[in-house]
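# Fold and contact review
Spelled out from the first residue to the last, the chains are:
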Amino acid sequence: MSDNAEFSRWICVVCGYVYDEAEGWPEEGIAPGTRWQDVPEEWGCPDCGVGKADFELLTD
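Because the structure is a prediction, the values reported are computed rather than measured.

## A short note on the sheet that holds strand 1 (residues 9–12)
Strand order in the open sheet made by the three strands is 2-1-3, with antiparallel pairing throughout. Whereas interior strands pair on both sides, the edge strands pair on one side only; in this sheet they are strand 2 (18–20) and strand 3 (55–58). Across the sheet, the mean angle from the axis of one strand to that of its neighbour is 30 degrees, orientation sign disregarded. In this sheet, strand 2 lies alongside strand 1 in antiparallel orientation, the contact comprising three bridges. Across the sheet, R9 pairs through a bridge with D20, a residue of strand 2.

## Quick word on the side chain of D20
Mapping D20 onto the fold places it in strand 2. With no salt bridge to any partner, buried D20 finds its closest opposite charge in R9, at an N-O distance of 4.9 Å. A polar contact of 2.9 Å, which involves the side chain of D20, links it to the backbone nitrogen of A22. Discounting residues that sit within four places of it in the chain, D20 has contacts with S8 and R9.

## Topic: the pattern of salt bridges
Considering all chains together, one arrives at three salt bridges under this definition. For E21, the salt bridge identified is with R35, shortest N-O distance 3.1 Å. Residue E21 is found in the loop between strand 2 and strand 3, and its partner R35 is found in the loop between strand 2 and strand 3; the two are separated by 14 residues along the sequence. Measuring nitrogen to oxygen at the nearest pair gives 3.3 Å for the salt bridge that ties E41 to K52. Placement of E41 in the loop between strand 2 and strand 3 and of K52 in the loop between strand 2 and strand 3 is noted, with a sequence separation of 11 residues between them.

## Points about the side chain of T34
Of note, T34 is situated in the loop between strand 2 and strand 3. For T34, a relative accessible area of 18% corresponds to the buried category. Here A31 takes part through its backbone oxygen, which lies 2.6 Å from a polar atom of the side chain of T34. Excluding anything up to four places from it in sequence, T34 contacts Y19, E21 and V39.

Procedures and definitions
Residues numbered from 1 in each chain as written. Predicted model: local features only at pLDDT ≥ 70, side-chain atom pairs only at ≥ 80, totals over all residues. Heavy atoms only, no water. Pairing = 2+ DSSP bridges. Helix = DSSP H or I, 4+ residues; strand = E, 2+ residues; numbered from the N terminus. Axes fitted to C-alpha atoms, helices over the stretch in contact; angles between N-to-C directions. Buried < 20%, exposed > 50% of the residue type's maximum accessible area, 1.4 Å probe, protein only. Lys, Arg positive; Asp, Glu negative; His and termini not counted. Salt bridge = Lys/Arg side-chain N within 4 Å of Asp/Glu carboxyl O. Polar contact = N/O pair within 3.5 Å; in protein donor to acceptor, adjacent residues only side chain to side chain. Contact = heavy atoms within 4.5 Å.

Shape is all these values report; function is a separate question.
Okay, here's the thing in structure tokens:
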């Protein structure tokens, strides 16, 4: 089993940016391994600026 199998990915429905829990977003202070529910509510998409409400769980 891959180490990343337990992590989810979330996609911005506006621009298509993908937040990967395994990678986090260190440039914005979100450490690798940070679960989506633990990303601050005020966080915005780094590409288009929309909020968490505009992301959906990406299923493979």
